[in-house]
Amino acid sequence: MYEELLAKCQAWSDSEEYDKIVELLTAFPGYEDVPELCSELGRAYNNLGAVNGHDTPEALDYFRKALSVLLPHEAALQHDHRWNYRVGFAYYYLDRPHRATQYFDQALDALPGDQDTKDFIEHSEHLSLLPAKPFKERVAAMWKAFEAREGELLAAIESLNHETSQDCMAKLHEVFRIALKEPIFELRAELMGGKPEVIFPLTRMEATALRLYYIERAMPATLAERWTIRFGRQPIKNERFTFQGYSIQDFRVSIAWERNQTMRINKCLLTFYHEELGQKWMEDESSHGETLWVLYNLLSFAVGDATMNYYVASIKVEPHASDDVATYNFADLADVMAKEYDATPKTLKETVERTLRYEMDVVEGFYRWDVFEGETAAHELIWGWYQHDFSEFDDLADDGAVAGMLLVKVDETSDKDSARLKAALMRDMLATKIMEKVGSDAMQIVGRALGDKYAYLDVVGWDNRALLEAADEAGNEIGLKYLLYRCFRPNLSGYVIIDEGGVEEGGERNPEAFPEDDGGSITIVTPGGKA
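First, a word on what this report is: a plain description of the structure on this page. Predicted model, so just to flag it, every value in this text is computed and none were measured. (Residues numbered from 1 in each chain as written. Predicted model: local features only at pLDDT ≥ 70, side-chain atom pairs only at ≥ 80, totals over all residues. Heavy atoms only, no water.)

1. Focus: unusual backbone geometry
Worth spelling out the cut-off: Helical segments are the DSSP runs of H or I of at least four residues, strand segments are the runs of E of at least two, and each set is numbered from the N terminus. In this scheme, a residue with accessible area under 20% of its type's maximum is buried, one over 50% is exposed, and one in between is partly exposed, where area comes from a 1.4 Å probe on protein chains only.
Despite not being glycine, glutamate 16 shows a phi value in the positive range, around 60 degrees. Secondary-structure assignment places glutamate 16 in the loop between helix H1 (3-14) and helix H2 (18-26). On the basis of relative accessible area, glutamate 16 is assigned to the partly exposed category, the value being 47%. Positioned with a positive phi, aspartate 342 is a non-glycine residue whose angle comes to about 55 degrees.

2. Remarks on the nonpolar core
Using the following cut-off: Definition of nonpolar core: a set of buried residues of the types Ala, Val, Leu, Ile, Met, Phe, Trp, Tyr and Cys, connected through side-chain atoms within 4.5 Å.
Judged by nonpolar contacts, the single largest core of 98 residues is most densely connected at Trp143, Phe146 and Ile434. Of the residues forming this core, the biggest block, eight residues, is contributed by helix H20 (residues 416-438). In this structure, Tyr45, Tyr62, Tyr85 and Leu94 belong to the second largest nonpolar core, which totals 41 residues.

3. Here's the deal with the pairing of strand E14 (residues 454-461)
Operational definition: One requirement defines pairing of two strands: DSSP has to find at least two bridges between them.
Of all eight residues making up E14, eight are buried, and the element is well covered by its neighbours. Of the two faces of E14, the one carrying Tyr454, Tyr456, Asp458 and Val460 and the one carrying Ala455, Leu457, Val459 and Gly461 are both buried. The pairing of strand E12 (residues 402-409) with E14 spans eight bridges and is classified as antiparallel. Within the sheet, the bridge partner assigned to valine 408 lies in E14 and is alanine 455. Pairing geometry for strand E13 (residues 443-451) and E14, over seven bridges, is antiparallel.

4. Quick look at helix H14 (residues 288-303)
The line we're drawing: Expected span, for any helix, means 1.5 Å times one less than how many residues it has.
The first and last C-alpha atoms of H14 sit 22 Å apart over 16 residues, in line with the 22 Å expected at 1.5 Å per residue. Every buried residue belonging to H14 is among Thr291, Val294, Leu295, Tyr296, Asn297, Leu298, Leu299, Ser300, Phe301, Ala302 and Val303, and all of these are buried. Of the residues one or two after H14, glycine 304 is the one with positive phi, at around 100 degrees.

5. As for the sheet that holds E14
Heads up, the rule is: A fitted line through C-alpha atoms serves as each axis, taken over the contacting stretch for helices, and the angle formed by two N-to-C directions is quoted from 0 to 180°. Contacts between residues were defined by any pair of non-hydrogen atoms, one from each residue, lying within 4.5 Å.
Taken in spatial order, the seven strands line up as E10-E11-E13-E14-E12-E15-E16 in an open sheet, and their pairing is antiparallel. Only two strands of the sheet have a single partner each, and these edge strands are strand E10 (356-359) and strand E16 (495-499). The average angle at which neighbouring strand axes cross in this sheet is 20 degrees, direction not considered. As paired elements, strand E15 (residues 482-487) and E16 share four bridges and run antiparallel to each other. Looking at the pairing, tyrosine 482 lines up with aspartate 499 of E16. Strands in contact with helix H21 (residues 464-477) are E12, E13, E14, E15 and E16; relative to E16, the strand with the most contacts, it is inclined by about 25 degrees.

6. Here we look at the environment of glycine 232
Along the chain, the position of glycine 232 falls in the loop between strand E3 (228-231) and strand E4 (242-243). For the pair formed by glycine 232 and threonine 203, sequence separation is 29 residues and the distance between their alpha carbons is 8.8 Å.

7. Overview of the environment of alanine 66
The residue alanine 66 is located in helix H4 (residues 57-70) in this model. Expressed as a C-alpha distance, the spacing of alanine 66 and phenylalanine 231, which sit 165 residues apart in the sequence, is 33 Å. Not counting residues up to four positions away in its chain, the partners in contact with alanine 66 are Gly42, Tyr45, Asn46 and Ala90.

8. Looking at the side chain of serine 287
Going by this rule: Pairs of N or O atoms within 3.5 Å make up the polar contacts considered here, provided that, within protein, one atom can donate a hydrogen while the other can accept it, and that residues adjacent in sequence are counted only when both atoms are side-chain atoms.
Here serine 287 is to be found in the loop between helix H13 (275-283) and H14. Serine 287 gets classed as buried once you look at its relative accessible area, which sits at 4%. A polar side-chain atom of serine 287 sits 2.6 Å from the main-chain carbonyl oxygen of aspartate 284. If near-sequence neighbours (up to four positions away) are discounted, serine 287 is found in contact with Lys280 and Trp281.

9. What about the pattern of salt bridges?
Should their charged atoms come close, side chains of opposite charge can pair. Stated precisely, the cut-off is as follows: Salt bridge criterion: a side-chain nitrogen from Lys or Arg within 4 Å of a carboxyl oxygen from Asp or Glu.
Per the stated rule, a full pass over the model turns up 36 salt bridges. Put simply, arginine 233 and glutamate 186 hold a salt bridge, and the shortest N to O gap is 2.4 Å. With arginine 233 in the loop between E3 and E4 and glutamate 186 in strand E1 (residues 186-188), this residue pair connects regions lying 47 residues apart in the sequence. Here arginine 233 falls in the buried class, since its relative accessible area comes to 9%. Taking relative accessible area as the criterion, glutamate 186 reaches 19% and is therefore assigned buried. The residue lysine 453 makes a salt bridge to glutamate 364 at a minimum N-O spacing of 4.0 Å. Remark: glutamate 364 occurs in the loop between E10 and strand E11 (371-376) and lysine 453 occurs in the loop between E13 and E14; sequence separation between them is 89 residues. For glutamate 364, a relative accessible area of 71% translates into the label exposed.

Here it is as structure tokens:
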């Protein structure tokens, strides 16, 4: 049915007339619903990105457009080589190689032996491990740009009105996007003391808190003289506060505490009572997402972001409370939690550094399935590994931070208990040595675990090259015979850092001690430079 259109697209692609392809396909009625046409349109956008320099603002916009037309058709085209290749191509040049790899893997499954795809996989895995622009570098560049443009930003805020607000926010967005691919922030221009206030709200993702805590610590101290920059919303004492048309004073709320036996922590379930939203919640499951978004935003203003993330496990909505349930005014929730349940307000630092202990049943399987006990400050990241949910890893990696684990081998020829203890001690010595070498501006330790085969050190690399080079030095200094690193994404290969026995387990690839590059000069050129 679409043969003639596709033939024209191929001819124009051969002659590099990509604009004509875009013009033709976007003018076709209902093209958005046709997988084959959107795949070709995505190809054209990718090639326009390539001919516009790959990393220019115009080129990046083309790659985003490619994803916008390709991704909606994953169900129909997930086994198609060309579709997977085109999605991977767009992600790769958007500096998201960790996302690109899974699509290139699928492209290779659909067309085994394809050399272009194999080249992309190799370089995507390298850049997933060693980002061209690590988070540490991005944050330093962001604050440098903020200081350089501070006069311009303050002038824009001073002249802020309804007509100029969009331009003012765009200027701030441009600066914050240097470090954060999707910066979310709020601006309050008129405050006591005359200082503008910028707020970076927390989300329910741990990755957001980890990133913002790093950015907070890296912020130049002198900025506090002229700005109030907060990381996480603070409680607002205002019963009339509204969000999306809903007021805090319209709700009652009840609190039920529950203990997560695996994580050994008490968290609370909040039930909100609101006749309209409660009825809608019961009758229309599709409304849950929007309702939760409204309530979590109201909750963050009522008790503060950090306190909400620290204590609240989940929320739900009902039209009315039964007579035997104790309810409270929503506006009083922060005081009630503190006075009646000893749930005192928390800071971002306390939320990020809280360590939870867990125990697991050992099963045969991939890495970490041998773990029987551990502690973590990033339990969503840990559970994502087991549940095949890598959203926390991807969210960090999108901004050049790499969540991974260092594996110290348990000597299986020795007594089990003593071998485990020795591996755990060596892991802890390794952690101390690495931290001494690179400090918290290059990495953050987020957990430790012990298994039958390995002792694990869980880390987020703000500068993963510095982290892994320090791990190599530290491992050799303390006499480790074997040290393996894996990202918290199983489809990415593991890397053997130390292996005195010369045996690489499980087909792991050693990247030749992390070969030097010039900060991301690796460029893949497909035949003709086309997607």
